[in-house]
Amino acid sequence: MNILLVGSGGREHALAWKIAQSPLVRRLVCAPGNPGIAKHAELRPDLKVTDADGLTALAREMKADLVVVGPESALEVGLADRLAAAGIPCFGPSARAARLETSKAFAKGFLERWEIPTAGFGVYEKLSEARDALKVFKPPYVIKADGLAAGKGVAISPDRKDAEAEIVRMLDGRFGKAGARVVIEEFMAGEEGSLFALCDGTRAVLFGGAQDHKRAFDGDLGPNTGGMGAYSPAPVFTPELVEEVERRIVRPTVAGMAREGTPFRGVLFAGLMATDEGPKVVEFNARFGDPECQVLMMRLADDLVPYMVACARGDLSRLPPPEFRPQACVCVVLAAQGYPDSPLEGSIIRGAGRDFGPHVQVFHAGTRRDEKGLLVAAGGRVLNVCALGDDVRQARDRAYEAIKSIDWPGGFHRADIAWRALERDAGD
Ligand code: AMP
Ligand code: GLY
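Bear in mind the structure is a predicted one, so any value in this text is a computation, not a measurement.

Cut-off values and rules
- Residues numbered from 1 in each chain as written.
- Chains lettered and ligands numbered in written order.
- Predicted model: local features only at pLDDT ≥ 70, side-chain atom pairs only at ≥ 80, totals over all residues.
- Heavy atoms only, no water.
- Pairing = 2+ DSSP bridges.
- Helix = DSSP H or I, 4+ residues; strand = E, 2+ residues; numbered from the N terminus.
- Contact = heavy atoms within 4.5 Å.
- Axes fitted to C-alpha atoms, helices over the stretch in contact; angles between N-to-C directions.
- Near = heavy atom within 4 Å.
- Polar contact = N/O pair within 3.5 Å; in protein donor to acceptor, adjacent residues only side chain to side chain.
- Areas by Shrake-Rupley, 256 points an atom, 1.4 Å probe, with all protein chains shown as cover.
- Nonpolar A, V, L, I, M, F, W, Y, C, P; charged D, E, K, R; others polar.
- 1 Å grid on protein atoms, 1.4 Å probe; cavity = no way out; pocket = protein on both sides within 12 Å on 5 of 7 lines; lining within 4 Å.
- Points joined across faces, edges and corners; volume = space filled by probe spheres on them.
- Expected span 1.5 Å × (residues − 1).
- Buried < 20%, exposed > 50% of the residue type's maximum accessible area, 1.4 Å probe, protein only.
- Arc of directions from axis to C-beta.
- Salt bridge = Lys/Arg side-chain N within 4 Å of Asp/Glu carboxyl O.
- Phe/Tyr/Trp six-rings, centres within 6.5 Å; stacked < 30°, edge-to-face > 60°.
- Lys NZ or Arg CZ within 6 Å of the ring centre and 35° of its normal.

**Student:** With reference to specific residues and values, describe the sheet that holds strand β4 (residues 66-69).
**Tutor:** One open sheet accounts for 5 strands, arranged β3-β2-β1-β4-β5; its pairing is parallel. The sheet is open, and its two edges are formed by β3 (42-43) and β5 (90-91), each paired on a single side. Of the strand pairs in this sheet, strand β2 (residues 27-32) and β3 are connected by 2 bridges, and their pairing is parallel. Looking at β3, one finds that V29 is bridged to E42. Each of β1 (2-7), β2 and β4 touches helix α1 (residues 10-20); the most contacted strand, β1, lies at about 170° to it. Of the strands in this sheet, β1, β2 and β4 are in contact with helix α2 (residues 52-61), which crosses β1 at around 165°.

Structure, rendered in structure tokens:
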């Protein structure tokens, strides 16, 4: 098979690493890719992930049997729709189905229509209406920009004054078009987790859970980020909770999307809160999480390619449920100093390419080669150090041991990835 993979982050490096291991694959091209992905795929650095014309032309030219879309920005511009029109199978939903992620107002309305558990909410375009609504909600106030804001369009405000200031900022265009509407939500207390399901338009197969660390600094402090580390399996996902999520959230979502004429094909990422009243949806994403994908790919025992093809073709039922290794995986994100506000660009990284042994993989996210061929930072999140272990503790120790031999003064990382799982163990 010829496969085109779209994206350039750590998620796509992990996907490329896994896809390249498939005996079904003859040629793998990644657009635009990154220096780490270059080990597994031919790169097309000239193509942007939002260049739906260019990517569709490339898929045609290379006679792609499958296109795998990593990031939401490519889904939002309708890459999957363009490929469908060209008759090319795509792992990733249409722009209309991707609204589960690209419009929080759509997602909340959908959840309400199909009675899927989530926080109570309202959607507002006018400041005066939003201000009035704050009188009805109780603190802390959860304020969200409607559209894509790279994980940074959410504010949790302790009091009404702060909430109003956030609403003003969002409606004032802090997130461009994304903030033209704001969503105000009830605050949900509980532990968060990310659960993934492969979907073929009518069916869904669970694809494992993970826990992310959204805050920049140790102790879950500092600004929200795209994710500073992840681990899987996450103890928050007890078998009972997973069963409830499948029954009350995943299946009704896939069925509802099909009934509304926007069948969901690809991977559904449910960001969940385990509340006292059961699991509730915090948000949906229409793609793999980053860095959650990295830990899932490390743990996946089966070949990924047949599952992606089945999602694209609509025949997931012919495959058995995917198998995962019983081992745990921990991923620690190395970010450039200054991330998430103003990451330092261009610092030299040494030692990332060495052989870390059979349990460790270092995936590249924002990296590039400079004129001398040296690896340098070229983004906020730069490297993902992932390790497998017999349990979370061993996986975590191996990841931090590997980090010691990466020489990168321009970077930082959290030292407490997987703390929740380790604390639970200690409490047992
Ligand atoms: P989102 O982009 O919607 O995932 O929100 C980012 C983060 O804000 C989530 O991962 C949660 O930690 C937090 N959050 C969002 N909505 C709520 C809510 N209704 N209650 C509590 N926390 C929330
Ligand atoms: N790690 C969270 C996300 O990919 O949105």
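**Student:** Describe the sheet that holds strand β7 (residues 141-145), with residues and values.
**Tutor:** Within the open sheet, the 4 strands sit side by side as β6-β9-β7-β8. Their pairing is antiparallel. This sheet does not close on itself; its edge strands, each paired only once, are β6 (121-124) and β8 (154-157). When strand polarity is set aside, the average angle formed by the axes of neighbouring strands in this sheet is 20°. Taken strand by strand, helix α8 (residues 160-171) contacts β6, β7, β8 and β9 (182-185), and its axis lies near 5° from that of β7.

**Student:** Residue-level account of the site of ligand 1, with values.
**Tutor:** Taken together, 15 residues lie near ligand 1, and E185, M188, E192, K214 and E283 sit nearest. Within the side chain of K144, one N or O atom sits 2.9 Å away from an oxygen atom of ligand 1. E185 is positioned with one of its side-chain polar atoms (N or O) 2.7 Å from a nitrogen atom of ligand 1. In isolation ligand 1 has 470 Å² of accessible area, and contact with the protein removes 92% of it. For the shell around ligand 1, the secondary-structure elements that each account for two or more residues are β7, β8 and β16 (278-285). Per-class residue counts for the shell around ligand 1 are 8 nonpolar, no polar and 7 charged.

**Student:** Could you give an account of the site of ligand 2, with specific residues and numbers?
**Tutor:** Around ligand 2, a shell composed of D212, G226, F269, N285, R287, G289, D290, P291 and E292 is seen. In the environment of ligand 2, a nitrogen atom lies 2.8 Å from a nitrogen or oxygen atom belonging to the side chain of D212. Here a nitrogen atom of ligand 2 and a side-chain polar atom of E292 are 2.8 Å apart. In isolation ligand 2 exposes 200 Å². Once the protein is present, 89% of that is buried. Residue composition of the shell around ligand 2, by class: 2 nonpolar, 3 polar and 4 charged.

**Student:** Before we move on, can you summarise empty space enclosed by the protein with the specific residues and values?
**Tutor:** If you walk through the whole model with that rule in mind, you get 2 cavities of 30 Å³ or more. Quantified by volume, the largest cavity comes out at close to 60 Å³. Residue lining of the largest cavity: L15, V69, G70, L75, F91, G92, P93, G266, V267, A286, R287 and F288, and that is the complete set. Split into classes, the residues belonging to the lining of the largest cavity amount to 8 nonpolar, 3 polar and 1 charged. Put simply, the second largest cavity is a space of about 40 Å³. Residue lining of the second largest cavity: E191, E192, G193, V236, F237, L241, L272, M273, A274 and P279, and that is the complete set. Going through the elements one at a time, β10 (191-200) and β15 (265-275) are the ones with two or more residues in the lining of the second largest cavity.

**Student:** Could you give an account of α8, naming the residues involved and the relevant values?
**Tutor:** Helix length check: α8 (12 residues) gives 16 Å between terminal C-alpha atoms against 16 Å at 1.5 Å per residue, within 8%. Among all positions in α8, only A163, E166, I167 and M170 are buried. End-on, the buried residues of α8 take up no more than an arc of 100°, which puts them together on one face. Contact partners of the buried residues in α8: α7 (127-134), β7, β8 and β9. Near the N-terminus of α8, the side chain that reaches the backbone nitrogen of K161, with its oxygen 3.2 Å away, is that of D159.

**Student:** Pulling in residues and values, what's your account of the layout of surface pockets?
**Tutor:** Approximately 210 Å³ is the volume attributed to the second largest pocket. Lining the second largest pocket, in full, are A80, D81, A84, I88, P89, C90, G92, P93, S94, P263, R265 and A312. The element best represented in the lining of the second largest pocket is helix α4 (residues 79-85), accounting for 3 residues. In the lining of the second largest pocket, the residues fall into 8 nonpolar, 2 polar and 2 charged.

**Student:** Tell me about the pairing of β9, and please be specific about residues and values.
**Tutor:** Two faces, one strand: in a regular strand the side chains alternate between the faces of the sheet. Where burial is concerned, the two faces of β9 agree: the one with V182 and I184 and the one with V183 and E185 are both buried. Strand direction decides the pairing type here: β7 and β9, joined by 4 bridges, are antiparallel. Bridged to A145 within β9 is V182.

**Student:** Could you give me a rundown of the side chain of T262, with the residues and numbers involved?
**Tutor:** Considering the arrangement of structural elements, one finds T262 in the loop between α9 (239-259) and β15. Not counting the four nearest positions on each side in its chain, T262 is found in contact with R96, A97, R99 and M257.

**Student:** Outline the pattern of salt bridges, listing residues and values.
**Tutor:** Applying the stated criterion to the full structure yields 29 salt bridges. Here R414 makes a salt bridge to D220, at a shortest N to O gap of 2.8 Å. Here R414, found in the loop between β22 (411-412) and α13 (419-427), pairs with D220, found in the loop between β12 (215-217) and β13 (221-224); they are 194 residues apart in sequence, far enough to count as distant. The structure contains a network of salt bridges with shared partners spanning D220, R414, D416 and R420.

**Student:** Which residues make up the packing of aromatic side chains, and what values do they have?
**Tutor:** Inspection of the entire model under this criterion finds 9 aromatic pairs. With a centroid separation of 5.6 Å and 65° between ring planes, the pair formed by W17 and F363 is classed as edge-to-face. Note that W17 is positioned in helix α1 and F363 in strand β18 (residues 360-364), a separation of 346 residues in sequence. Grouping residues by exposure puts W17 and F363 together as buried. Note on F207 and F324: the rings are 5.1 Å apart at their centroids and 70° apart in plane angle, and the pair reads as edge-to-face. Taken as a pair, F207 in strand β11 (residues 204-212) and F324 in the loop between α11 (305-313) and β17 (328-336) lie far apart in primary sequence, 117 residues in all. A relative accessible area of 0% places F207 in the buried class. Residue classification places F324 among the partly exposed positions, given a relative accessible area of 22%. A connected cluster of aromatic rings, assembled from ring pairs, spans F91, F196, F207, F269, F288 and F324. Taking NZ or CZ as reference, R99 lies 4.1 Å from the ring centre of F106, over its face.

Take it as geometry only, folks, not as evidence of what the structure does.
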